[in-house]
Amino acid sequence: MIRYALRCERGHAFDSWFQSSATYDSQRKRGLVACPVCESIKVDKAIMAPRIARKGKSKSAPEPVAPAADDTTSTSLVMAPQERELVAKLRELRDTVLRNADNVGNKFPEEARKMHYGDTEHRAIYGEATTEEARALIDEGIEVAPLPVLPGDRN
């Protein structure tokens, strides 16, 4: 996955994740990348600072750090009212799932299959799955969806 800082023709800045650079290019050409504020499809990549690992540190890419809730530079402060409303609704939806579903951890793919094929009773579950595991579930006709990671979330 790759995160791009994007900017529409009216100057609205926003971030979005894509499977790859080619995916971004394809979606943009088909008019599927739109500004969440004004819905313009004239969107370009904004200049981004690269993430460079320091010497002596792990060679793996650093994990993104979510801004603290009281951080005055938080991206939530630059979101349009519609964006804040959407994030609030997504957070409410996610929290409802977390309150009302069973956390099956890394056994999510196994449990989802058991329910889909009638080996266990259907119930609301959530847990962890790799991208490959999630794709395999979808290929089998098992409906899954990621829980959103939202601005202000802590790792």
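Given the structure is predicted, the values throughout are model-derived calculations rather than measurements. Sequence order sets the numbering: in each chain, residues are counted from 1 along the sequence as written. Reporting of local features is limited, given that this is a predicted model, to residues whose pLDDT is at least 70; pairs of side-chain atoms are given and counted only at 80 or more, and all residues count toward the totals for whole chains, interfaces and linings. The side-chain quantities take in all heavy atoms of the structure and omit both hydrogens and water.

**Here's the deal with the pairing of strand β2 (residues 13-18)**
Thought 1: For strand β1 (residues 2-8) and β2, the ladder comprises six bridges, and the chain directions are antiparallel. When the sheet's bridge partners are listed, arginine 7 is paired in β2 with alanine 13.
Thought 2: One bridge is not enough; two strands pair if DSSP finds at least two bridges between them. Labels follow the DSSP assignment, with helices taken as runs of H or I lasting at least four residues and strands as runs of E lasting at least two, numbered in each case from the N terminus. Counting the residues in the hairpin turn of β1 and β2 gives four residues, including glycine 11, whose phi is positive at 90°.

**Topic: the confidence of the model for the chain**
Regions with low pLDDT should not have their predicted coordinates read in detail.
Thought 1: When pLDDT is averaged along the chain, the result is 79, and 77% of the positions lie at 70 or above.
Thought 2: By definition, pLDDT measures how confident the predictor is in each residue, and it falls between 0 and 100. Within the chain, helix α3 (residues 108-116) carries the highest mean pLDDT (94), whereas β2 carries the lowest (85).
Thought 3: A low-confidence stretch, residues 57-77 stays under pLDDT 50, and its non-local contacts, those more than four residues away or across chains, total 18 contacts. Only heavy atoms enter the contact rule, under which two residues are in contact if any of them lie within 4.5 Å.

**Some thoughts on the packing of α3 against helix α4 (residues 131-139)**
Thought 1: In this analysis, axes come from line fits to C-alpha atoms, helices being fitted only over the stretch in contact, and the angle between any two N-to-C directions falls in the range 0 to 180 degrees. Direction vectors running N to C along α3 and α4 enclose 10°, while the axes themselves pass 10 Å from each other. As far as their axial angle goes, α4 and α3 are roughly parallel. For the pair formed by α3 and α4, the contact residues are Phe108, Pro109, Ala112 and Arg113 on the first element and Glu133, Ala136 and Leu137 on the second.
Thought 2: Only Asp, Glu, Lys and Arg are considered charged, only Ala, Val, Leu, Ile, Met, Phe, Trp, Tyr, Cys and Pro nonpolar, and every remaining residue, Gly among them, polar. Tallied by class, the residues present in the contact of α3 with α4 amount to five nonpolar, no polar and two charged. When an angle is under 35 degrees it counts as roughly parallel; over 145 it counts as roughly antiparallel; between 65 and 115 it counts as roughly perpendicular; any other value is oblique.

**Brief notes about the packing of aromatic side chains**
Thought 1: Planes of paired rings set the category: under 30 degrees apart is stacked, over 60 is edge-to-face and the rest tilted, where pairs are Phe, Tyr or Trp rings (Trp by its six-membered ring) whose centres lie within 6.5 Å. This structure, assessed with the given rule, holds three aromatic pairs.
Thought 2: On the numbers, 5.1 Å between centres and 80° between planes, the contact of phenylalanine 18 with tyrosine 24 is edge-to-face.
Thought 3: Think of it in three bands: residues with accessible area under 20% of the maximum for their type are buried, residues over 50% are exposed, and the middle band is partly exposed, with areas taken using a 1.4 Å probe on protein chains only. Overall, the relative accessible area of 3% leaves tyrosine 24 in the buried class.
Thought 4: What links up through ring pairs into an aromatic cluster is the set Tyr4, Phe18 and Tyr24.

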